[in-house]
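# A look at the structure
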Amino acid sequence: SLVTGVQTCALPISFLKSRIHHHPGVTHLDFHLFRYAASLDTFCHDHFTFEWIVRSLATSHRFDSLNLLVQFIASNPCPCSDGIFSCPKTEPIFRFAINAYCRAGRFDDALFAFDSMKRLIDGKPNVAIYNIIIHGFVKFRQYDKALEFYGRMIRDHVKPDVITFNTLISGYCRNLQFGLA
């Protein structure tokens, strides 16, 4: 409110979830409503609305809008982030977008989202996000890019886990590259 100096959400997430998500005829308007709400002085997006719209765009394969959303989040971080610490929900929000991009083989978009996320979070990304991207490269038979991203993981001082190695080994074995496996 204006008394406390903090903007409040005039359009609750429950409205978005109940009215837009369950009506297939207007689902495609959710991003327009999201962008309109961002232009209002009485409304501020937070991690709840970011998460909702990322899930909506990703599950409906609207990747161009998802790209715009990733850029929006990168330039308008969650208001619960103060000057020192980032919002703890930022990484899971980006993880959902990165996973959707990788499943669709849109690796340039996935890497852009990954780099945007890295700038917004505190510390290093979770190993699970690296695994999602490595798995995506392996799934689409881009083994050299998977190994290159694994190298980036090591340079970023993120410790690979069993899933990382299983993904790389099974990918190379399926591609009959036993020496690399």
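Just so we're clear, the structure is a prediction, and the values are computed from it rather than from any experiment.

### Details of the overall build of the protein
Along its length, the protein carries nine helices and zero strands. When the helices and strands of the protein are placed in sequence order, the string is α-α-α-α-α-α-α-α-α. A total of 181 residues make up the protein; the buried ones form 40% of that total. Across the protein, contacts joining residues at least 24 apart in sequence account for 63% of those joining residues at least 6 apart.

### Quick word on the packing of aromatic side chains
Scanning the model with the defined rule gives nine aromatic pairs in all. Seen in terms of ring centroids, Phe-63 and Tyr-101 are 5.8 Å apart; in terms of plane orientation they differ by 40°. Their pairing is tilted. Taken together, the positions of Phe-63 in helix H4 (residues 63–75) and Tyr-101 in helix H5 (residues 90–103) put the pair 38 residues apart, joining distant regions of the chain. Residue Phe-63 is classed as buried on the basis of its relative accessible area, which comes to 9%. Members of the aromatic cluster, connected to one another through ring pairs, are Phe-107, Phe-137 and Phe-140.

### Section: the side chain of Thr-164
Structurally, Thr-164 is set in helix H9 (residues 162–174). When sequence neighbours within four positions are dropped, the list of residues in contact with Thr-164 reads Val-127, Asn-131, Ile-134, Tyr-150 and Met-153.

### With respect to unusual backbone geometry
Positive phi, normally seen in glycine, also occurs at His-61, with a value near 60°. Secondary-structure assignment places His-61 in the loop between helix H3 (47–59) and H4. Within the chain, Arg-141 stands out as a residue other than glycine whose phi angle is a positive 60°. Here Arg-141 shows up in the loop between helix H7 (127–139) and helix H8 (143–155). Classification of Arg-141 as exposed rests on a relative accessible area of 58%.

### Describing the pattern of salt bridges
Under the criterion given, the structure shown has five salt bridges. Asp-64 is the partner of Arg-106 in a salt bridge, and the nearest nitrogen-oxygen pair spans 3.6 Å. Of the two residues, Arg-106 sits in the loop between H5 and helix H6 (107–120) while Asp-64 sits in helix H4, which places them 42 residues apart along the sequence. With its nearest N and O atoms 2.7 Å apart, the salt bridge here joins Arg-106 to Asp-109. Residue Asp-109 is classed as buried on the basis of its relative accessible area, which comes to 16%.

Quick notes on the rules
- By convention here, each chain's residues receive numbers from 1 onward along its written sequence.
- Only residues with pLDDT of 70 or above have their local features reported here, since the model is predicted, and side-chain atom pairs are shown and tallied only from 80 upward, although totals for entire chains, interfaces and linings are computed over all residues.
- Computation of side-chain values covers all heavy atoms of the structure but excludes hydrogens and water.
- The numbering of helices and of strands both runs from the N terminus, where a helix is a DSSP run of H or I of at least 4 residues and a strand a run of E of at least 2.
- Throughout this description, buried means an accessible area under 20% of the type-specific maximum (1.4 Å probe, protein chains only), exposed means over 50%, and partly exposed covers the range between.
- Note on contacts: a residue pair is in contact if any heavy atoms of the two residues lie within 4.5 Å.
- The pairing test for Phe, Tyr and Trp rings, Trp by its six-membered ring, is centres within 6.5 Å, and the orientation test on the planes gives stacked under 30 degrees, edge-to-face over 60, and tilted for anything in between.
- Just to be clear on terms, a salt bridge is a Lys or Arg side-chain nitrogen sitting within 4 Å of an Asp or Glu carboxyl oxygen.

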